[in-house]
Amino acid sequence: MLVTLEKEMHSRREFLVMAACTAASQSFAATSARMRRVGWLTAQQPGSLTSYLEALRQGLAEQKLAEGQGVEVLYRYGEDDVGRVPELAHDLVTSGAELLIVQGAAIPVVIKLDLPVPIVFVTSADPIAAGFAKSLTQPIDNCTGVTFMAFEFLGKRLEILKEIFPTLRHVTVLGNPLHPGSSIERASSEEAGRRLGISSDFLATPSGDSLEVARTTLAHSRPDAISLLPDGFAIAHRQTIMAIATELRIPVISGWPVFAQAGALCTYGPRLPVIYRRIAYFVARILNGTRPSDLPVERPTQFEFVLNQTVARSFNLTFSRAMLARADEVIE
Amino acid sequence: MSRSIPWIFERLRRVFRAPRQHFSVKVAASIIGVAVSVIVVAGGLSLRVFVDAQMKMITALHQLQAETVAAGILRFVDDQESNLRWLIAPSWTSSNEEDRRVDALRTLRALPPVSTLRLLDPQGREQLRVSRLGPDIAGSGADFSQTEAYATARHQGRHVGPVYFQDGSEPYVTIHVGGASVRQGSLVVDVNLKLIWDMVAAVRIGDAGRAFLMDSQGRLISHPDISLVLRRTEISSLQHVRAALELPLTDSKSALVAGRDLEGRDILSAHALVPSLGWHVITELPRAEALAPVYVSVRLSIIVLLSGLGAAAVCAILITRSMIRPIETLTSGATRIGLGELDHRIVISGSDEFTQLGKRFNEMAESLQIERATLEEKVRLRTQELARANQAKSRFLATASHDLRQPLHALSLFVDELQSRPTEERRARLHDNLADAVGRLNGMFDAILDTSKIEAGAIRPALSRFPMAPLLGAIRKTFASAAEAKGLRLEIGDSGAWVESDQLLLQRILQNLVSNAIRYTISGHVGLVCCEADGLLTISVFDTGPGIPVELQSEIFEEFFRAPTPGQSGERGLGLGLFIVESFAGLLNHPIKVRSGPGSGSRFEILVPVVPAASGALAAAVARR
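(A) Structural detail: the overall build of chain B. Along its length, chain B carries 15 helices and 18 strands. Every one of the 625 residues in chain B was classed for burial, and the buried ones make up 43%. Pairs at least 24 apart in sequence give 63% of the contacts found in chain B among residues at least 6 apart. For chain B, the exposed area adds up to about 32800 Å²; of that, 58% sits on carbon and sulfur atoms.

Here you go:
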């Protein structure tokens with residue numbers, strides 16, 4: 001009798017558990033059916049960041065927020081016009097974006113708008129110098145993100161150039177002045193240059209049109225090398241920039257492999273896909289209710305050094321053993 | 001369950017409601033009591049054993065997990081060391097500077113957590129520095145030889161420095177790797193501990209459990225939530241963290257520590273020390289999850305207990321009902337039977353003892369019923385008998401007084417006639433008549449006397465052996481005149497047989513029989529014959545009288561019975577003759593039979609045991625008597 005009763009209880013409990021599970025899965029289905037909207041905002045053109053956005057989507061999928069299933073990403077591009085950023089930001093918020101991922105030059109603009117949604121920034125700059133955070137562990141209100149630490153790499157890139165070209169004296173840093181924190185990068189670069197006995201100057205290229213002016217300037221100044229600031233602008237105009245450098249036979253060093261593939265002699269910088277994947281972590285945490293200020297700004301931990309052998313040959317260069325030992329990839 | 005409990009109580013209440021049902025209360029209470037105590041004791045013991053085992057298992061499991069993580073962390077540091085040590089394996093020479101640089105760069109590329117690598121010469125001065133972000137510097141000559149870390153690395157092979165936080169965020173540790181020989185150089189590397197996050201985050205402890213790593217000051221080195229590490233969250237105030245930090249370094253085996261995690265949830269924590277680094281691995285598992293199996297078994301035990309209670313209550317009710325119902329039926333049935341309803345029958349279905357008891361009750365009632373009916377019949381018969389006897393006595397008194405008055409009346413007439421001086425001849429006849437009347441009175445009183453003696457049980461037969469012949473002679477002499485007077489032929493047969501009997505009583509029997517025969521026979525003859533067979537002498541007295549109807553033959557031996565047809569002379573006896581005959585025959589143990597029918601006369605037969613004739617002298621003596 002007891003056994004029967006117990007059995008009955010057991011089956012009853014099973015039933016309850018099943019019922020609870022059904023209810024839970026239904027409620028889960030209900031939540032997952034409710035699409036979370038996230039905005040992506042940059043002042044650049046769409047083409048410049050395509051491959052990195054793929055990494056972001058991968059990251060979202062890893063965080064169980066696969067695009068179209070858990071989360072819907074609304075993409076907005078300024079098409080190289082920072083002036084459009086406020087309008088796009090407001091548009092994202094009214095479209096129901098619960099969070100904005102803001103990249104590059106758009107970041108300070110969006111922060112100034114003081115929107116009611118959290119912001120995850122993706123910046124090359126020093127977030128402290130740029131005013132996005134008081135320290136790495138203390139981002140400003142409703143704001144956090146990742147930094148590429150571009151300024152830290154400028155010195156390292158000059159060091160690499162000096163090792164390849166021991167006679168190196170003069171380097172022109174080419175970049176978009178709209179890029180936040182570019183002045184810091186410039187200062188950092190100048191300091192490293194002094195240590196290595198290299199003089200450097202900054203050539204601002206605020207738009208695609210200014211590249212023609214840059215060509216004239218470079219042809220006149222003839223620096224020993226060009227250090228190209230890696231950002232969305234540079235990616236967008238990489239072919240033009242590389243064409244100018246090749247034409248003037250000036251070697252180019254930059255931060256991301258995409259430039260080595262486009263014709264730069266070498267690149268050294270963080271692994272961008274890793275960082276873009278990491279953005280998904282911030283998105284997931286914030287959507288799950290963590291306050292952005294509780295999430296410290298993260299720096300890259302993985303870096304890559306890419307050499308372009310073809311370009312080296314065009315300069316009659318042979319990479320030393322030390323260079324090759326350091327390289328993560330050598331493009332033939 | 002919840003629905004059936006009030007139902008059971010309701011049943012119990014109804015069963016136990018009546019005070020007369022104490023028995024059922026006792027039965028039910030003892031069944032429930034036994035069941036409950038067995039379940040409680042067994043359940044409690046098994047639960048305790050189970051919970052102990054469960055707690056041991058949970059503790060062991062978590063301890064093991066913590067130790068596994070600790071071992072993984074140590075292996076990570078060991079791996080870094082072994083991947084670095086080859087750089088200083090060869091003896092330090094100043095000629096292979098370029099090779100050292102290439103090897104250092106290659107190593108730096110292969111070990112992502114290492115951010116800066118310094119090579120020191122055997123004197124402890126920095127000769128090469130390669131870095132991921134900082135500048136590469138050759139031959140800085142910075143002197144490490146005076147540092148404690150350098151000394152330890154030289155002496156013990158490795159020194160792991162304190163954890164520090166780069167730019168106030170990322171946890172780093174500086175590891176010195178020293179060569180064993182004085183000719184070997186040594187290494188100083190900065191390791192970014194953020195990169196061991198995967199190892200800690202990959203640890204799965206239950207569903208919601210986690211593990212984290214902290215240094216000996218209680219600062220987080222790695223945590224599944226990396227933001228806690230990067231924010232340098234203070235955790236040493238947590239109870240279980242403090243307990244782990246205060247534990248002696250040698251004590252690795254410990255029980256689970258209860259506490260609250262950073263989110264304030266109740267957790268159970270295990271702890272393992274990372275050997276030689278002084279770091280601690282702490283696991284946290286929500287208390288509810290850790291103890292879930294225990295709670296399940298406790299709940300199950302309670303359910304079993306309640307089920308047992310319910311089952312016992314139901315059993316108790318069923319058993320009580322099955323016992324009380326028949327007892328009630330028996331009680332009410334017995335009460336009705338006791339009140340005289342003997343035709344009431346107790347109906348209990350089944351085949352148990354109660355049914356048997358009901359049957360016995362019914363049988364008892366039935367036999368009581370039969371007994372009562374028989375008794376009533378007996379009483380009726382006896383009453384009837386008494387009435388008849390009473391009637392007979394009244395009749396007897398009437399007849400007896402009438403019959404006694406007849407000779408008395410005759411006597412008074414004769415006395416009157418004597419006073420009138422009759423003639424001699426007349427006087428002689430008067431004398432005869434007087435004698436006759438007196439004789440009749442005598443006879444009547446003899447009969448009455450005999451009867452009263454019989455009824456008083458005052459007659460004791462005196463058995464003796466004697467010949468029949470004198471007896472027969474006496475009878476012949478007694479009745480010759482009476483028979484002659486009625487014109488009857490009296491035939492008394494002879495017999496030479498000796499019998500064993502009471503001579504006087506036998507004579508009285510035969511006299512009564514012959515006297516009756518003469519009295520009721522109008523014409524023909526009256527006879528007495530003896531016939532010996534099989535050791536018995538059959539003495540038959542017969543007549544040619546009116547006979548006795550068969551239906552009256554059973555009554556003729558009763559007191560005061562008199563045949564409805566009187567004798568020709570109208571003379572009737574007192575109705576005691578045959579009663580005396582039967583009574584005496586009974587006393588003497590002589591069987592007596594009657595054969596008769598209306599118009600065919602009557603024949604009485606009495607059987608007397610025959611004995612061998614005695615010797616002559618004795619015979620003569622008897623004959624004389």
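(B) Representation of the layout of surface pockets. Here the second largest pocket is characterised by a volume of approximately 1400 Å³. Those elements that provide at least two residues to the lining of the second largest pocket are β7 (143-147) and α11 (272-287) of chain A together with α5 (197-201) of chain B. When residues in the lining of the second largest pocket are grouped by element, the largest group, 7 residues, is from α11 of chain A. Considered class by class, the residues forming the lining of the second largest pocket number 14 nonpolar, 7 polar and 16 charged.

(C) Molecular detail of the interface of chain A and chain B. Listed per partner, the contact involves 33 residues of chain A and 34 residues of chain B. Note on chain A versus chain B: buried area summed over both sides is about 3100 Å², and carbon and sulfur give 57% of it. At the boundary of chain A and chain B, one finds 8 salt bridges. Between D294 of chain A and R231 of chain B there is a salt bridge whose closest N-O contact spans 3.6 Å. At the boundary of chain A with chain B, the tally comes to 14 residue pairs in polar contact (both at pLDDT 80 or more). Contributions of two or more residues to the side of chain A that touches chain B are made by α1 (2-33), α5 (150-164), α11 and α13 (321-326) of chain A.

(D) Layout of α5 of chain A. Residue and element names in this part refer to chain A. Between its first and last C-alpha atoms α5 spans 21 Å; for 15 residues at 1.5 Å apiece the expected length is 21 Å, and the two agree. In terms of burial, α5 is largely enclosed, as 12 of its 15 residues are buried. Turning to α5, its buried residues number three or more, namely A150, F151, F153, L154, G155, K156, R157, L158, E159, I160, L161 and I164.

(E) Region of the structure containing the packing of helix α13 (residues 503-520) of chain B against helix α14 (residues 577-588) of chain B. Residue and element names in this part refer to chain B. Packing of α13 against α14 leaves a shortest axis separation of 9 Å and a crossing angle of 150°. Relative to α14, α13 is oriented roughly antiparallel. As α13 packs across α14, the resulting crossing turns out to be left-handed. Mapping the contact onto sequence places L505, L506, R508, I509, N512, L513 and N516 in α13 and G577, L578, I580, V581, F584, A585 and L588 in α14. By residue class, the composition of the contact of α13 with α14 is 10 nonpolar, 3 polar and 1 charged.

(F) Main features of the sheet that holds strand β14 (residues 329-331) of chain A. Residue and element names in this part refer to chain A. Here we have 7 strands laid out as an open sheet, ordered β9-β8-β10-β11-β12-β13-β14, and mixed in their pairing. The open sheet has two edge strands with one neighbour each: β9 (199-204) and β14. Along the sheet, successive strands turn relative to each other by an average axial angle of 20°, direction set aside. As paired elements, strand β8 (residues 170-175) and strand β10 (residues 225-228) share 4 bridges and run parallel to each other. Across the sheet, the residue bridging to T172 is I226, located in β10.

(G) Representation of the pattern of salt bridges in the model. Inspection of every chain in the model, using the stated rule, returns 45 salt bridges over all chains. The salt bridge partner of R36 of chain A is E98 of chain A, with a shortest N-O separation of 2.8 Å. One end of the pair, R36 of chain A, is in strand β1 (residues 36-42); the other, E98 of chain A, is in the loop between α3 (85-94) and β3 (99-103), and 62 residues separate them in sequence. When its relative accessible area of 28% is taken as the criterion, E98 of chain A is described as partly exposed. Several salt bridges share partner residues, and in doing so they unite R210, D261, E263, R265 and E284 of chain B into one network.

(H) Expanded view of the packing of aromatic side chains. Per the counting criterion, the structure on display carries 12 aromatic pairs over all chains. Judged by centre distance (5.7 Å) and plane angle (90°), the rings of F148 of chain A and W256 of chain A are edge-to-face. Here W256 of chain A lies in the loop between β11 (252-254) and α10 (257-262) and F148 of chain A lies in the loop between β7 and α5, a separation of 108 residues in the sequence. By relative accessible area, F148 of chain A is classed as buried at 2%. Seen from their ring centres, Y268 of chain A and F305 of chain A are 5.8 Å apart, and the 85° between their planes marks the pair as edge-to-face. Linking Y268 of chain A in strand β12 (residues 266-270) with F305 of chain A in strand β13 (residues 303-308), this pair joins segments that are 37 residues apart in sequence. With respect to burial, Y268 of chain A and F305 of chain A carry one shared label: buried. Ring pairs connect the aromatic residues W40, Y52, F148, W256, F259 and Y276 of chain A, which therefore count as one cluster. In this arrangement the basic side chain of R278 of chain A is found over the ring face of Y281 of chain A, its NZ or CZ atom lying 3.8 Å from the centre. Cation over ring: R100 of chain B sits above W92 of chain B, and NZ or CZ is 3.5 Å from the ring centre.

Conventions used here
Residues numbered from 1 in each chain as written. Chains lettered and ligands numbered in written order. Predicted model: local features only at pLDDT ≥ 70, side-chain atom pairs only at ≥ 80, totals over all residues. Heavy atoms only, no water. Helix = DSSP H or I, 4+ residues; strand = E, 2+ residues; numbered from the N terminus. Buried < 20%, exposed > 50% of the residue type's maximum accessible area, 1.4 Å probe, protein only. Contact = heavy atoms within 4.5 Å. Areas by Shrake-Rupley, 256 points an atom, 1.4 Å probe, with all protein chains shown as cover. 1 Å grid on protein atoms, 1.4 Å probe; cavity = no way out; pocket = protein on both sides within 12 Å on 5 of 7 lines; lining within 4 Å. Points joined across faces, edges and corners; volume = space filled by probe spheres on them. Nonpolar A, V, L, I, M, F, W, Y, C, P; charged D, E, K, R; others polar. Buried area = accessible area lost by both parts, 1.4 Å probe. Salt bridge = Lys/Arg side-chain N within 4 Å of Asp/Glu carboxyl O. Polar contact = N/O pair within 3.5 Å; in protein donor to acceptor, adjacent residues only side chain to side chain. Expected span 1.5 Å × (residues − 1). Axes fitted to C-alpha atoms, helices over the stretch in contact; angles between N-to-C directions. Parallel < 35°, antiparallel > 145°, perpendicular 65-115°, else oblique. Left-handed = near helix turned anticlockwise from the far one by under 90°. Pairing = 2+ DSSP bridges. Phe/Tyr/Trp six-rings, centres within 6.5 Å; stacked < 30°, edge-to-face > 60°. Lys NZ or Arg CZ within 6 Å of the ring centre and 35° of its normal.

Such coordinate-based values are descriptive only and should not be taken to indicate function.
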